[in-house]
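Read off the chains here:
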Amino acid sequence: MTGRVSGLRRSLEHAGAALDRFVTQREAAELTGRSKDTIVRARQAGRFPHARLDGHTWTIPTADPAAAGLYDPAGPAHAVAPTPPPGTAAEVPDGLALARAEARIAALEDLVARQDAELAFLRQLATDTLSRKAS
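Residues numbered from 1 in each chain as written. Predicted model: local features only at pLDDT ≥ 70, side-chain atom pairs only at ≥ 80, totals over all residues. Heavy atoms only, no water.

A.B. asks: So what about the pairing of strand S3 (residues 57-61)? Which residues, and what values?
C.D. replies: Both strand S1 (residues 22-24) and S3 contribute to a ladder of three bridges, which runs antiparallel. By the bridge assignment for S3, Thr24 is matched with Thr59. Direction of pairing for strand S2 (residues 52-54) relative to S3: antiparallel, over a ladder of three bridges. Bridge pairing in S3 links Leu53 to Trp58. In this antiparallel pair of consecutive strands, S2 and S3, the connection spans two residues, and Gly55 shows a positive phi of 70°. (Pairing = 2+ DSSP bridges. Helix = DSSP H or I, 4+ residues; strand = E, 2+ residues; numbered from the N terminus.)

And the structure:
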């Protein structure tokens, strides 16, 4: 049992290391299949909250593009080879699968938050319009 727990701990540490990896804006553009200009605009708009300036180069954590909805690690455009059956040597490591799942969850949470904000705006707009018509 102890071996299984330490293996899980190593997988989680590996997943954390993968999420803490930073890439340049150009590398982020290649990763997402977008242009560098799109990545720059997204950074300037605050969609990459963990981006940082290292010298003269902006770096972005690999999890930020997924959280911003610009990259789906499990999506068809960046699909990896099909997952082999469990128990084979080529199986995706647990840490990598966990990192992909967490990135996908973060991206979906961000999408829901943006849609909620848009819905609240539209409700307020409808209420204001009805108030003006009633006056």
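A.B. asks: Could you give an account of the side chain of Thr59, with specific residues and numbers?
C.D. replies: Of note, Thr59 is situated in strand S3. Using a relative accessible area of 9% as the deciding quantity, one classes Thr59 as buried. Of note is the side chain of Thr59, whose polar atom sits 3.1 Å from the side chain of Asp54. Other than its neighbours up to four places away in sequence, Thr59 contacts Phe22, Val23, Ala51, Arg52 and Asp54. (Buried < 20%, exposed > 50% of the residue type's maximum accessible area, 1.4 Å probe, protein only. Polar contact = N/O pair within 3.5 Å; in protein donor to acceptor, adjacent residues only side chain to side chain. Contact = heavy atoms within 4.5 Å.)

A.B. asks: Before we move on, can you summarise the environment of Thr32 with the specific residues and values?
C.D. replies: The residue Thr32 is located in helix H2 (residues 25-32) in this model. Looking at Thr32, the relative accessible area reads 4%, which means it is buried. For Thr32 and Leu70, which are 38 residues apart along the polypeptide, the C-alpha to C-alpha distance reads 6.3 Å. For Thr32, the side chain forms a polar contact with the main-chain oxygen of Ala28, separated by 3.0 Å.

A.B. asks: Describe the nonpolar core, naming the residues involved and giving the relevant values.
C.D. replies: In terms of nonpolar packing, the biggest core is built from 10 residues, these being Val23, Ala28, Ala29, Ile39, Ala42, Phe48, Ala51, Ile60, Ala68 and Leu70. At the level of secondary structure, the elements contributing two or more residues to this core comprise H2 and helix H3 (36-44). If sequence neighbours within four positions are ignored, Leu70 has contacts with Thr32, Arg34, Ile39, Ala42, Arg47, Phe48 and Pro65. (Core = buried A, V, L, I, M, F, W, Y, C linked by side-chain atoms within 4.5 Å.)

A.B. asks: Pulling in residues and values, what's your account of the pattern of salt bridges?
C.D. replies: Within this structure, the stated rule accounts for two salt bridges. Close ionic contact of Asp110 with Arg114 constitutes a salt bridge, the shortest N to O distance being 2.9 Å. Taken together, the positions of Asp110 and Arg114, both in helix H5 (residues 94-134) and four residues apart, correspond to about one turn of that helix. (Salt bridge = Lys/Arg side-chain N within 4 Å of Asp/Glu carboxyl O.)

A.B. asks: Could you give me a rundown of the packing of aromatic side chains, with the residues and numbers involved?
C.D. replies: By the definition in use, this model includes zero aromatic pairs. The ring of Trp58 has Arg43 sitting right over it, with the charged end atom 4.1 Å from the ring centre. A cation over an aromatic ring shows up here: Arg52 above the ring of Phe22, its NZ or CZ 3.7 Å from the ring centre. (Phe/Tyr/Trp six-rings, centres within 6.5 Å; stacked < 30°, edge-to-face > 60°. Lys NZ or Arg CZ within 6 Å of the ring centre and 35° of its normal.)

A.B. asks: Summarise the sheet that holds S2; cite the residues concerned and give the values.
C.D. replies: Spatially, the three strands line up as an open sheet ordered S1-S3-S2, and their pairing is antiparallel. Two strands lie at the open edges of the sheet, namely S1 and S2, each paired on one side alone. Within the sheet, the average angular offset between the axes of one strand and its neighbour, ignoring direction, is 45°. Strands in contact with H2 are S1 and S3; relative to S1, the strand with the most contacts, it is inclined by about 95°. (Axes fitted to C-alpha atoms, helices over the stretch in contact; angles between N-to-C directions.)

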